[in-house]
Amino acid sequence: MAEGQETLEKSPLSSLEKSVEDEERRALLIPDFSDLPSIPRSAVESNFVRYYAVDFLKPAHDQYIYRHANGLCVIGLAPSHAALNEVGGVQSVDFNVGKSNRSELKVTGKRKRNAQHLQPDSALCYVCADGTYYTVRCCVKGSLLEVNDRLIKNPELLNLAADREGYIAIIMPKPTDWLKVKDSFLSYEDYTKLRHQVSGSSASNVC
Amino acid sequence: MADDARSIFSRAALSLPPSHVSLDLLSSGVCVRCIFRLFGIHGDFYSCPFLTGPGLNYFLKLQNGCQASISENGHGSFGIHKCSYTSEESDFDQKYCSICLGILQFPHDLYLGEGSSKENFSIDVFVEKIVESIKIANHQIDGFFLEVSIPPVIAANERSFWSYMKKKYDSEAWFKNKALYNQISLKDALRLSITESLEKTLSVKSGANSFHICLAYTNSEASLSLKNSLRKVQSSNRRRTEKENVVKVVDQCGNGQLDSREQLCSKSDAAILKELSSLDDHTFCDIFELPPKKASNSCKLMITCYRMPMFIGGRYLKFSRKVSQTLWIIDDERMGEASVEEIVGTPALEICRGDSYKFHAAGREDIDVRMLGSGRPFLVEVSNARCLPSMVDVVQMAVKINNSEKKYVMVRNLKVVGSEAWNLMRVGEAEKQKQYAALVWISRPLTDEDLQSISSVNNMEISQSTPIRVLHRRSPLERKRIIHWMKIEKIVGSSQFFLLHLCTQAGTYIKEFVHGDLGRTFPSIGSLLACRAEILQLDVTDVKMDVFI
């Protein structure tokens, strides 16, 4: 019985077939170069829908809300945010916003225990650029899952890649709360249209 | 027949207590098999069809008579036992044993849904009944395991008889060394009674087989009265502490009585047994009759049979980026075109003719990730298989899957395996290595130094925060993972696209390792090459495990 099993197992794959199979596998892996885009969509572009809150509570306080299909929202500074357009850019980030330090509370578990429940106007942090402090706000009502504490040591991330490694925080809104607030934001297309027109003047407005 | 009975009774008598005790038990309504097992009598006695109360009674009286030299003129012969039976009949009008409630007496009215008949008790008819129900279920069998469940009231009856005997015979010499734990359990006695006959009729052996014959005995009347007795103890124990709570409950549901009855019925047998054994002897004797009342109702029997889960294992390859590993439904809508689970599970269920199947795999890949190369180990668990597929059946199943029209999935090394394969699949799951090929784009042209720096990686530790794409359902954590090695394969005609071959520890999120997940995975391909890196395609090329290779 045992021997019978052996032969039956091995017979589908002789060594010749195996090498043919390896060839086939290689062919599967190598893409057709003509199918490839010259510049592929980035992970942010393909995984998130991009929304913008412009002039949020104050002029030129422009923030982005990148919403993942799973409902989580990444919050950060839009390219037109005043702080990013100051001379020398952002110099420091402080998550200590009065009552609590946003970078200290650790959320744990699938149920996200200890998460702070924030309102759209709740402060996430202060960013300092050219001596001016700008309050970065939550924009959506929801649980604060994490803040990007790498910004404390390395605020330069905001100047280099505010839309990627320089994100500020990740919020988990309730689906109903998201539906309520979503229409108050600009789409990516509307945002670029709006800020391209006024991009030159936005920085000077704040100063 | 008479000689058989006499020889069995005389052999058994050696282990039995003095005859006045046996007679006492008999007249309290205990059946012969229960008397035998109470005193730990082993051997082939149980399967003997002549173990009737009147028979033992006659034998014991005869024995007594001999000892006391009262027996005069050869009247006590088994040859005329029929007369003896009738003369004693009045003592035995009670039909069911007061301990086993008929379980070891094999009465005809035992079977659920059938009216009582006045026929004799018989093991043969009992075995026939079992075989009948197995035939209906239409199982292919190579052996069987006898599973017996009995109502907890039996345990109470046993204890009650021991307490009764202790009270009455504690001072007698024979009672020393006799104890509850010497007895043969009812379940074992039942197995001793019927196994041989079952084996003969089914022409297979009993043992640790995955085919189970379940004999489930219930006695709702006796169980209810047992629960009521136990409730009395409970309420007296808890009266002080829980009085207020009870009042509240009654207030809330308006009909407290009904509610508590439901609760009692749902209490498991195990819980009742535990409660029983936690009673001290004094309390026990207080709430239970010694000896228990004679039984007017037999237990009811439900005969079922099933095959323990069967496993078909192997490795699968997935060639499509639109096929998920398991059936994936969001809002009643299937995600992807098919699933490995169904493609492999459905034919497995067919060849085993089981009730249902479950699909288990050693890890998983995303729907848009192909599974190539060695394939990924998996198990299909088929419950209650009616057929035991042969090696040929399994090979045919593999051929069918591998030659399917759409070629989404292929299987290899398919075979029927034992449940130990389950553990094999789980062994080293956390440490096992996986090999991938990723199609990567970087934001600047690839240099020779890049090739160098990437291929110099050797067991590099990375730190991965739970990726944003799964953060909504997984715990936020920072996990350390090992990248064992990496190799860049250039793509002819492109300076910014390349194939990245890499081998990592299980549980590494590869997509995030490439693009960095907003800096939350570090280092990443992007951070190592100091540019932006994007991943376009991913394939698993090897799952390095010892199972099903």
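Reading the values: the criteria
Residues numbered from 1 in each chain as written. Chains lettered and ligands numbered in written order. Predicted model: local features only at pLDDT ≥ 70, side-chain atom pairs only at ≥ 80, totals over all residues. Heavy atoms only, no water. Helix = DSSP H or I, 4+ residues; strand = E, 2+ residues; numbered from the N terminus. Buried < 20%, exposed > 50% of the residue type's maximum accessible area, 1.4 Å probe, protein only. Contact = heavy atoms within 4.5 Å. Areas by Shrake-Rupley, 256 points an atom, 1.4 Å probe, with all protein chains shown as cover. pLDDT = per-residue confidence, 0-100. Buried area = accessible area lost by both parts, 1.4 Å probe. Salt bridge = Lys/Arg side-chain N within 4 Å of Asp/Glu carboxyl O. Polar contact = N/O pair within 3.5 Å; in protein donor to acceptor, adjacent residues only side chain to side chain. Axes fitted to C-alpha atoms, helices over the stretch in contact; angles between N-to-C directions. Parallel < 35°, antiparallel > 145°, perpendicular 65-115°, else oblique. Left-handed = near helix turned anticlockwise from the far one by under 90°. Nonpolar A, V, L, I, M, F, W, Y, C, P; charged D, E, K, R; others polar. Core = buried A, V, L, I, M, F, W, Y, C linked by side-chain atoms within 4.5 Å. Domains from an automatic or database assignment. Pairing = 2+ DSSP bridges. Disulfide = S-S within 2.5 Å. Arc of directions from axis to C-beta. Expected span 1.5 Å × (residues − 1). Bend = angle between axes of the 7 residues up to and from the residue.

### Quick word on the overall build of chain B
Then, in step 1: In terms of helices and strands, chain B carries 19 helices and 17 strands.
Then, in step 2: Across the 549 residues that make up chain B, the buried fraction comes to 51%.
Then, in step 3: For chain B, long-range pairs separated by at least 24 residues make up 77% of all intrachain contacts whose partners lie at least 6 apart in sequence.
Then, in step 4: Accessible surface for chain B amounts to roughly 26,600 Å². Of this, 52% is attributable to carbon and sulfur atoms.

### Description of the environment of B:K129
All names here are of chain B.
Then, in step 1: Mapped onto the secondary structure, K129 falls in helix α6 (residues 123-137).
Then, in step 2: With a relative accessible area of 18%, K129 lands in the buried category.
Then, in step 3: Placed 174 residues apart in sequence, K129 and I303 show a C-alpha to C-alpha distance of 8.6 Å.

### Quick look at the confidence of the model for chain B
All names here are of chain B.
Then, in step 1: Across chain B, the average pLDDT comes to 83, with 85% of residues at or above 70.
Then, in step 2: Considering only residues more than four positions removed or in separate chains, one finds that residues 112-119, a stretch of pLDDT under 50, has 10 contacts.
Then, in step 3: Here residues 240-265 is a poorly scored stretch, pLDDT under 50, and it has nine contacts once near neighbours within four places are set aside; other chains count.

### Focus on the interface of chain B and chain A
Then, in step 1: Tallying the contact residues gives 38 residues for chain B and 40 residues for chain A.
Then, in step 2: Note on chain B versus chain A: buried area summed over both sides is about 3,400 Å², and carbon and sulfur give 65% of it.
Then, in step 3: Among the salt bridges present, the one from A:R164 reaches B:E534, with a minimum N-O distance of 3.3 Å.
Then, in step 4: One can count 10 residue pairs in polar contact (both at pLDDT 80 or more) joining chain B with chain A.
Then, in step 5: Secondary-structure elements contributing two or more residues to the side of chain B that touches chain A are β10 (369-383), α14 (391-402), β11 (409-417), β12 (433-442), α17 (468-471), β15 (497-505) and β17 (533-544) of chain B.

### Considerations on the packing of helix α7 (residues 153-169) of chain B against helix α11 (residues 269-278) of chain B
For any two helices packed against each other, one specifies the crossing angle of their axes together with the interaxial distance.
All names here are of chain B.
Then, in step 1: Interaxial distance between α7 and α11 falls to 9 Å at its minimum, and their mutual angle equals 20 degrees. Considering the angle they form, α7 stands roughly parallel to α11. α11 is crossed by α7, and the crossing has right-handed handedness. Where α7 approaches α11, its residues A155, A156 and R159 are matched on the opposing element by L273, L276 and S277.
Then, in step 2: Looking at the contact of α7 with α11, its residues break down into four nonpolar, one polar and one charged.

### Details of the nonpolar core
When a protein is soluble and globular, its nonpolar side chains tend to lie buried together.
All names here are of chain B.
Then, in step 1: With 79 residues, the main nonpolar core has F36, M165, I194, L198, I213 and L215 as its most contacted residues.
Then, in step 2: A total of eight residues in this core trace back to one element, the largest contributor, which is α7.
Then, in step 3: The residue makeup of this core includes at least three contributed by each of domain 1 (1-93) and domain 2 (97-308).
Then, in step 4: With sequence-adjacent residues up to four places away left out, I213 is seen in contact with I130, I134, F144, F145, L146, E147, L198, L202, T304 and C305.
Then, in step 5: Of all hydrophobic cores here, the second largest spans 60 residues; its members include A338, M460, I510 and I535.

### Focus: the pairing of strand β3 (residues 73-77) of chain A
Every other side chain in a regular strand lies on the same face of the sheet, so the side chains alternate between the two faces.
All names here are of chain A.
Then, in step 1: For β3, the buried fraction is high: five of the five residues fall into the buried class.
Then, in step 2: Both strand β2 (residues 63-68) and β3 contribute to a ladder of five bridges, which runs antiparallel. Note on β3: the bridge partner recorded for Y66 is V74.
Then, in step 3: In textbook terms, the turn of a hairpin is the stretch between consecutive antiparallel strands, and for β2 and β3 this stretch comprises four residues, one of which, G71, has a positive phi near 100 degrees.
Then, in step 4: Across three bridges, β3 lies against strand β9 (residues 169-172) in antiparallel orientation. For C73, the partnering residue across the bridge sits in β9 and is I171.

### Points about the sheet that holds strand β1 (residues 145-149) of chain B
Residue and element names in this part refer to chain B.
Then, in step 1: Across the sheet, which stays open at both edges, the three strands sit in the order β1-β2-β3 with mixed pairing between neighbours. Across the chains shown, the open sheet's two edge strands, defined by having one partner strand only, are β1 and β3 (300-307). Adjacent strand axes in the sheet meet at a mean angle of 20 degrees when their direction is disregarded.
Then, in step 2: Of the strand pairs in this sheet, strand β2 (residues 211-218) and β3 are connected by eight bridges, and their pairing is antiparallel. Opposite C214, over in β3, you have T304 as the bridge partner.
Then, in step 3: Packing against the sheet, helix α8 (residues 186-202) makes contact with β1 and β2, and its axis sits at approximately 145 degrees to β1.

### Quick look at the state of the cysteines
Residues and elements named next belong to chain B.
Then, in step 1: On inspection of all chains with the given rule, the structure shows zero disulfides over all chains.
Then, in step 2: Considering cysteine sulfurs only, C100 is the nearest to C97, which forms no disulfide, with 3.6 Å between them.
Then, in step 3: Taking the relative accessible area as the measure of exposure, C97 reaches 0% and is therefore buried.

### Looking at the confidence of the model for chain A
Residues and elements named next belong to chain A.
Then, in step 1: Per-residue confidence for chain A gives a mean pLDDT of 85, with 85% of residues at or over 70.
Then, in step 2: Confidence drops under pLDDT 50 across residues 1-12; counting only partners more than four residues distant or on other chains, this segment forms seven contacts.
Then, in step 3: Taken as a whole, residues 197-207 scores under 50 in pLDDT and shows eight contacts with residues more than four places along the chain or in a different chain.

### Observations regarding helix α6 (residues 175-182) of chain A
In an α-helix, one full turn covers 3.6 residues, which means residues spaced three or four apart are oriented alike.
All names here are of chain A.
Then, in step 1: Of all the residues in α6, the buried ones are D177, W178 and V181. Buried positions in α6, seen along its axis, are confined to an arc of 100 degrees and lie on one side of it. In α6, the exposed residues that point more than 90 degrees away from the buried face are P175, T176, L179 and K180.
Then, in step 2: On its buried side, α6 packs onto β1 (48-53), β2 and β3.

### Re the pattern of salt bridges
All names here are of chain B.
Then, in step 1: Following the criterion strictly, the structure yields 29 salt bridges over all chains and no others.
Then, in step 2: Here D355 and R386 are joined by a salt bridge, their closest N and O atoms 3.0 Å apart. Placement of D355 in the loop between α13 (340-352) and β9 (356-361) and of R386 in the loop between β10 and α14 is noted, with a sequence separation of 31 residues between them.
Then, in step 3: The shortest N-O distance in the salt bridge between K480 and E478 comes to 3.9 Å.
Then, in step 4: On the accessibility criterion, E478 (55% relative accessible area) is exposed.
Then, in step 5: Members of the salt-bridge network, linked through shared partners, are D366, D368, R469, K511 and E512.

### Some thoughts on the side chain of A:E146
Then, in step 1: Following the sequence through the fold, A:E146 ends up in strand β8 (residues 142-147).
Then, in step 2: Judged by its relative accessible area of 18%, A:E146 falls in the buried class.
Then, in step 3: Reaching out from A:E146, the side chain makes a polar contact with the side chain of A:Y167 at a distance of 2.6 Å.
Then, in step 4: If we skip the residues at most four places from it in the chain, A:E146 touches A:Y167, A:A169, A:I170 and B:R520.

### Some remarks on the pairing of β17(B)
Residue and element names in this part refer to chain B.
Then, in step 1: Where burial is concerned, most of β17 is hidden: nine out of the 12 residues are buried.
Then, in step 2: Relative to β17, β12 is paired through 10 bridges, and the arrangement is antiparallel. Looking at β17, one finds that A438 is bridged to L538.

### A few points about α8(B)
Residues and elements named next belong to chain B.
Then, in step 1: Taking 1.5 Å per residue, 17 residues should reach 24 Å; α8 reaches 23 Å between its end C-alpha atoms and fits that length.
Then, in step 2: Taking the largest bend as the criterion, α8 deviates by roughly 40 degrees, centred on I194.
Then, in step 3: Among the residues making up α8, those that are buried are L186, A189, L190, S193, I194, T195, S197, L198, E199 and L202.
Then, in step 4: Where the residues of α8 are buried, they touch α3 (32-38), α6, β1, α7 and β2.
Then, in step 5: Following α8 by one or two positions, S203 adopts a phi angle in the positive range, close to 50 degrees.

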